[in-house]
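# Coordinates in review
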Amino acid sequence: MSTLIKGGTIVTAGDICAADLRMDGEKIAEIGKDLPQKDGDAVIQAKGRYIFPGGVDVHTHFELPFMGTISADDFKTGSIAAICGGTTSFIDFCFQDKTKPLAEAVKAWHEKSKKAVADFGYHMGITDYTPAVAAEIPSIIKQGITSFKFFMAYKGVLQIDDGQIIGIMEIIGKHGGLAMVHAENGDMIDTLVKRFVAEGKQPPEYHWLSHPALAEEEAVHRIIELARFTDQPIYIVHLSSADGLEKVKEAMSRGYKVIAETCPQYLLLSSDLYYKPNFEGAKWVMSPPLRPADHLEKMWDGLSKGFIKTVATDHCSFNFKGQKEMGRESFAKIPNGIASVGDRFNLLYTYGVGKGRLSLTRFVDVVATAPAKLFGMYPQKGSIAVGADADLVIFDPEAGGEVSAKTHHHNCDYSAYEGMKLKGLPESVLLRGKFAVRDGKYVGEQGAGRFIARGPSGKMM
Ligand SMILES: [Zn+2]
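Residues numbered from 1 in each chain as written. Predicted model: local features only at pLDDT ≥ 70, side-chain atom pairs only at ≥ 80, totals over all residues.

## Some details on the overall build of the chain
To keep things clear, this is the line we draw: Put simply, DSSP H or I for four residues or longer makes a helix, DSSP E for two residues or longer makes a strand, and each gets a number counted from the N terminus. Our radius of gyration is a C-alpha quantity, and the globule rule it is checked against amounts to 2.2 Å times the number of residues to the power 0.38. Labels follow a simple rule on C-beta atoms placed from the backbone: if 20 or more others lie within 10 Å of a residue's own, it is buried; if 12 or fewer, it is exposed; otherwise it is partly exposed. What counts as a contact here is a pair of residues whose C-beta atoms, placed from the backbone, lie within 7 Å.
For the chain, the count of helices and strands is 12 helices and 21 strands. For 461 residues, the compact-globule estimate of 2.2 N^0.38 gives 23 Å, and the C-alpha radius of gyration of the chain, at 21 Å, lies within 12% of that figure. Along the first, second and third principal axes, the C-alpha set of the chain runs to 75 × 50 × 45 Å. Burial status across the chain gives 56% buried among its 461 residues. Counted over contacts in the chain with a minimum sequence separation of 6, partners at least 24 positions apart contribute 76%.

As structure tokens, then:
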């Protein structure tokens, strides 16, 4: 028995067309005008609805031990929030436990991810680069983990030096992997953090004041030069500032292989939020931090013009009570991160498409297709095509809503986007041909998510 979706408007990264779609089992079997209903076919009416490919969020941190606590969403709550918000696949960062083999981290992540209800892959997060780690990289790639992240920030914790970066980039590239980087100058940040702490400056706003845009600009510039030196592409995660974006634009205009990601928070929220009274500013403490409001339109412009290729979330949720509060005595102890995996798709639609900043096809590209292509999941994920996984969002462009901690599916006691209006919402979401969300209600199966062994990353260039 197959299922027929009738009367909708199918939107991909390249095309918009009114057509019917037939799913057979887990795959898309047929796309065409006025497809006939076969005996026993289930029919989903989609008149007035867009059919989008399921969203792909390539930057999440579920159940991550970080800054003396563990991020609040695990693979279950995080992936339920994702799928209710139109995201059917995600890539979580599998972090090496310093001094231990990468393989042990992969094993631990496979254990945690059993609860996932959306499909998922891992990026390997390298925290300690040694000859033993280098020797393990080919076997990690063979397991379908084809992207590796390292840090130019978090001095004394995660930061590695330029020599190590060169070594990592060369070995990753040699084996068909893609290097990803957190690009902020950790030494500049460390200097400012220590200075503010010594001066007794405690409130949350000192977080963003200790992470100036210059620290991002410098690191973006440096990593681009290291990418040239090693002749490898570089993927910059969560680009946050207009200053960093200028460096990316400059490099792209010269033909250098740089790929930038941003997140909804760097398009929609600004650093004024750090000054909310009663320690509330802690809710938005993340790295990189939010920037002043004049950066936002420049980031949208970079996204609409293709200088920024993907929008992910960097979802890393911490409750205000008991977790963010760990930093009441010092901004430097506030766990970094916000919940947003469930909000990305809808925020980008409302504030991107709805406000005329993104075309429908560009929207699909940045939330689904480009990330799937870059990270070796295309066309299985991120597309609507015969033979692709039937991961689909049946989207009602007229439905209205509002982001709120009262209604979100995140396991988090606040929303960074509280009160923001939404126009256009997923009505139903299918994961490999099965309803995960039906008429706005989560109906997914426990543990339905499947590990995606990915092909080579970084091939879109
Ligand atoms: Zn992150």
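We are not done yet, so read on.
## Let's talk about the sheet that holds strand 3 (residues 16-18)
Put simply, the test is: Should DSSP find at least two bridges between two strands, the strands are regarded as paired. In this analysis, axes come from line fits to C-alpha atoms, helices being fitted only over the stretch in contact, and the angle between any two N-to-C directions falls in the range 0 to 180 degrees.
Across the sheet, which stays open at both edges, the seven strands sit in the order 3-2-7-18-19-20-21 with mixed pairing between neighbours. Looking at strand neighbours, the two that pair on one side only are strand 3 and strand 21 (441-442), the edges of this open sheet. The sheet contact formed by strand 7 (residues 50-53) and strand 18 (residues 392-402) spans four bridges and is antiparallel. In the sheet register, tyrosine 50 faces strand 18, and the bridge partner there is phenylalanine 395. Helix 12 (residues 360-374) rests against strand 2 (9-11), strand 3 and strand 7 of the sheet, and its axis sits at about 35° to strand 7.

## Some thoughts on the sheet that holds strand 5 (residues 27-32)
If you trace the four strands from one edge of the open sheet to the other, you get 5-4-1-6, paired in mixed fashion. Looking along the sheet, the strands with just one partner apiece sit at the ends: strand 5 and strand 6 (42-45). Looking at each pair of strands side by side, their axes are set apart by 20° on average, direction ignored. Pairing of strand 4 (residues 20-24) with strand 5 involves five bridges; the strand directions are antiparallel.

## Digging into the domain arrangement of the chain
So the rule is basically this: What fixes the domain bounds is an automatic or database domain assignment. Note on residue categories: nonpolar means Ala, Val, Leu, Ile, Met, Phe, Trp, Tyr, Cys or Pro, charged means Asp, Glu, Lys or Arg, and polar means any other residue, Gly included.
Here the chain is partitioned into domain 1 (2-52 + 387-442) and domain 2 (53-374). Here the C-alpha centre of domain 2 lies 28 Å away from the C-alpha centre of domain 1. On the side of domain 2, 38 residues touch domain 1, which itself brings 31 residues to the contact. The set of elements that each furnish at least two residues to the side of domain 1 that touches domain 2 consists of strand 18, strand 19 (421-431) and strand 20 (434-438). Here the side of domain 1 that touches domain 2 is built from residues that sort into 19 nonpolar, eight polar and four charged.

## What to know about the nonpolar core
In plain terms, the rule: In plain words, the nonpolar core is the set of buried Ala, Val, Leu, Ile, Met, Phe, Trp, Tyr and Cys residues that C-beta atoms within 7 Å link up.
Counting residues in each nonpolar core, the largest one holds 144 residues, and the members touching the most others are Ile51, Ile83, Ala179, Val181, Ile223 and Ile236. For this core, the element with the highest residue contribution is helix 12, accounting for eight residues. Taken domain by domain, the makeup of this core includes at least three residues from each of domain 1 (2-52 + 387-442) and domain 2 (53-374). Aside from chain neighbours lying at most four places away, what touches isoleucine 83 is Thr88, Val117, Ala118, Val429, Leu431, Ala436, Val437 and Gly444.

## A few points about unusual backbone geometry
With an omega of -5°, the peptide bond between serine 287 and proline 288 qualifies as cis. Following the sequence through the fold, proline 288 ends up in the loop between helix 9 (265-268) and helix 10 (296-304). A cis amide bond links tyrosine 378 to the next residue, proline 379, at an omega of 5°. Within the fold, proline 379 resides in the loop between helix 12 and strand 18.

## Re the pairing of strand 12 (residues 119-125)
Looking down a regular strand, the side chains alternate between one sheet face and the other. Stated formally: Handedness of a crossover is defined as follows: orient the strands so they point away from the viewer, and if the path from the first strand over the helix to the second runs clockwise, the crossover is right-handed.
Counting buried positions along strand 12 yields seven of seven residues, so the element is predominantly enclosed. What you see with strand 12 is no split at all: Asp119, Gly121, His123 and Gly125 on one side and Phe120, Tyr122 and Met124 on the other are buried throughout. Pairing between strand 11 (residues 87-95) and strand 12: seven bridges, direction parallel. Paired with phenylalanine 93 across the strands is histidine 123, a residue of strand 12. Here strand 12 runs beside strand 13 (residues 147-151); their pairing, made up of two bridges, is parallel. Residue pairing for strand 13: methionine 124 is matched across the bridge by phenylalanine 148. Remark: the strand 12/helix 3 (residues 131-142)/strand 13 crossover connection has right-handed handedness.

## Some thoughts on the pairing of strand 13
Within strand 13, five of the five residues are buried, which leaves it mostly tucked inside the rest of the structure. Residues Ser147, Lys149 and Phe151 point to one face of strand 13 and Phe148 and Phe150 to the other, with burial holding for every one of them. Bridge count between strand 13 and strand 14 (residues 178-182): five bridges; the pairing is parallel. Bridged to serine 147 within strand 14 is leucine 178. Crossover strand 13 to strand 14 through helix 4 (residues 162-174) is right-handed.

## Structural notes on helix 7 (residues 213-230)
Selection criterion: Take the number of residues in a helix, subtract one, and multiply by 1.5 Å to get its expected span.
Its 18 residues place the ends of helix 7 26 Å apart at the C-alpha level, agreeing with the 26 Å of an ideal helix rising 1.5 Å per residue. Residues Ala213, Ala215, Glu216, Glu217, Glu218, Ala219, Val220, Ile223, Ile224, Ala227 and Thr230 constitute the buried set of helix 7. Along its buried surface, helix 7 packs onto helix 4, strand 14, helix 5 (186-198), strand 15 (234-236), helix 8 (242-253) and strand 16 (258-262).

## Observations regarding the environment of glutamine 143
Relative to the elements of secondary structure, glutamine 143 occurs in the loop between helix 3 and strand 13. For glutamine 143 and valine 106, which are 37 residues apart along the polypeptide, the C-alpha to C-alpha distance reads 9.7 Å. Not counting chain neighbours up to four residues away, the residues in contact with glutamine 143 comprise Val106 and Ala453.

## Details of helix 11 (residues 344-353)
With 10 of its 10 residues buried, helix 11 lies for the most part within the structure. Looking only at helix 11, the buried set comprises Arg344, Phe345, Asn346, Leu347, Leu348, Tyr349, Thr350, Tyr351, Gly352 and Val353. Among the structural elements, strand 8 (55-60), strand 11, helix 9, strand 17 (310-311), helix 12 and strand 19 are those in contact with the buried residues of helix 11.

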